[in-house]
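Remarks on the overall topology
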Amino acid sequence: SQTIHQWPATLVQPVGSPLSLECTVEGTSNPNLYWYRQAAGRGLQLLFYSVGIGQISSEVPQNLSASRPQDRQFILSSKKLLLSDSGFYLCAWSGDSPESSYNEQFFGPGTRLTVL
Amino acid sequence: AQKVTQAQTEISVVEKEDVTLDCVYETRDTTYYLFWYKQPPSGELVFLIRRNSFDEQNEISGRYSWNFQKSTSSFNFTITASQVVDSAVYFCALRWRGGSYIPTFGRGTSLIVHP
């Protein structure tokens, strides 16, 4: 069966510090991978998605970046955190198929980031 | 353009009541997929159901049921005999065929079930 891991679970960082959040998927190959942020309130904001190694699409320009160094690894980074980067970060994967839109997403447990 | 509207921001019920969460969608495509997810207080979104646009059969899974009506562009979710463990935020989402890997999510409905 497939599982998705995220770490760390919680993080408190000062403004201006760097960030690295990691997400890994097990039990599947060539997944589509996604990073979402959930700020105050409930809305899900898509930050990045990836359909393959080294292929990253950015949905929202900001001081965050993403990388996919391996097939099942997705990393969210920042060189200098802002207060507005606080939030709940969720990684998700979906299957890769000819009808990719068919596939539901499976989410990781999330990382709660507080920037002080 | 795609759009998902969950007009109910928050619903509060007492245990054992039935509750329906509304989801209205907009899309120009004839082939699309609808989803419901549950986000309990722990934070992780849990996939509940997928429906494609060609299948209007209602679905029942235990106390959960889904009513898909293309005529009204709605995909409503009913919990029968609600329980405290049903307290969560519920999201409806839409994906369209044609190469889009990105679902459109509604803003979610917070369900609070009181004992």
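Here the structure is a predicted model, which is why all the values come from computation and not from measurement.

The next point concerns the overall build of chain B. For chain B, the count of helices and strands is zero helices and twelve strands. Going from the N terminus to the C terminus, chain B shows its helices and strands as β-β-β-β-β-β-β-β-β-β-β-β. By the compact-globule yardstick of 13 Å for 115 residues, chain B fits well, its C-alpha radius of gyration being 14 Å. Taking the principal axes of its C-alpha atoms as reference, chain B extends roughly 45 × 25 × 20 Å. Scored against the burial criterion, the 115 residues of chain B give a buried share of 46%. Partitioning the contacts of chain B with sequence separation of at least 6, the portion at a separation of at least 24 is 57%. Put simply, chain B has 11 plus and 12 minus side-chain charges, and the middle of one group is 7 Å from the middle of the other.

With that settled, consider the environment of Ser 65 of chain B. All names here are of chain B. Considering the arrangement of structural elements, one finds Ser 65 in strand 8 (residues 64-69). For the pair Ser 65 and Ile 79, spaced 14 residues apart in sequence, the C-alpha to C-alpha distance is 6.6 Å. Excluding anything up to four places from it in sequence, Ser 65 contacts Glu 59, Ile 60, Asn 76, Phe 77 and Thr 78.

This part covers the state of the cysteines. Summed over all chains, the structure comprises two disulfides over all chains. Note that Cys 23 of chain A is cross-linked by a disulfide to Cys 91 of chain A, the S-S spacing being 2.0 Å. The sign of the S-S torsion, about -75°, decides the handedness of the disulfide formed by Cys 23 of chain A and Cys 91 of chain A: left-handed. One end of the pair, Cys 23 of chain A, is in strand 3 (residues 19-26); the other, Cys 91 of chain A, is in strand 9 (residues 87-94), with 68 residues separating them in the sequence. Here Cys 23 of chain A matches Cys 91 of chain A in class, with each residue buried. Each disulfide pairs two cysteine sulfurs, and for Cys 23 of chain B the partner residue is Cys 92 of chain B, the sulfurs being separated by 1.9 Å. Judged by the sign of its S-S torsion, about -65°, the bond between Cys 23 of chain B and Cys 92 of chain B is left-handed. Pair noted here: Cys 23 of chain B is in the loop between strand 3 (19-21) and strand 4 (24-26) and Cys 92 of chain B is in strand 10 (residues 88-96), with a separation of 69 residues, a long-range link.

Moving on: the packing of aromatic side chains. Tallied over the entire structure, the rule returns 20 aromatic pairs over all chains. When the centroid spacing of 5.7 Å and the interplanar angle of 45° are considered together, the rings of Tyr 36 of chain A and Phe 107 of chain A count as tilted. Of the two residues, Tyr 36 of chain A sits in strand 4 (residues 32-38) while Phe 107 of chain A sits in strand 10 (residues 106-107), which places them 71 residues apart along the sequence. The burial state of Tyr 36 of chain A is the same as that of Phe 107 of chain A; both residues are buried. Ring plane angle 50° and centroid distance 5.1 Å describe the contact between Tyr 25 of chain B and Tyr 32 of chain B, whose orientation is recorded as tilted. Through a chain of ring-to-ring contacts, three or more aromatic side chains come together here, namely Tyr 34, Tyr 36, Trp 93, Phe 106 and Phe 107 of chain A together with Phe 35, Tyr 37, Phe 47, Phe 91 and Phe 105 of chain B. Note that Arg 112 of chain A overlies the ring of Phe 88 of chain A, its terminal NZ or CZ placed 4.2 Å from the centroid.

The rules we used
- Residues numbered from 1 in each chain as written.
- Chains lettered and ligands numbered in written order.
- Predicted model: local features only at pLDDT ≥ 70, side-chain atom pairs only at ≥ 80, totals over all residues.
- Heavy atoms only, no water.
- Helix = DSSP H or I, 4+ residues; strand = E, 2+ residues; numbered from the N terminus.
- Rg over C-alpha atoms; globule rule 2.2 N^0.38 Å.
- Buried < 20%, exposed > 50% of the residue type's maximum accessible area, 1.4 Å probe, protein only.
- Contact = heavy atoms within 4.5 Å.
- Lys, Arg positive; Asp, Glu negative; His and termini not counted.
- Charge placed at Lys NZ, Arg CZ, Asp CG, Glu CD.
- Disulfide = S-S within 2.5 Å.
- Phe/Tyr/Trp six-rings, centres within 6.5 Å; stacked < 30°, edge-to-face > 60°.
- Lys NZ or Arg CZ within 6 Å of the ring centre and 35° of its normal.

Functional significance is not addressed by these values, which are geometric in nature.
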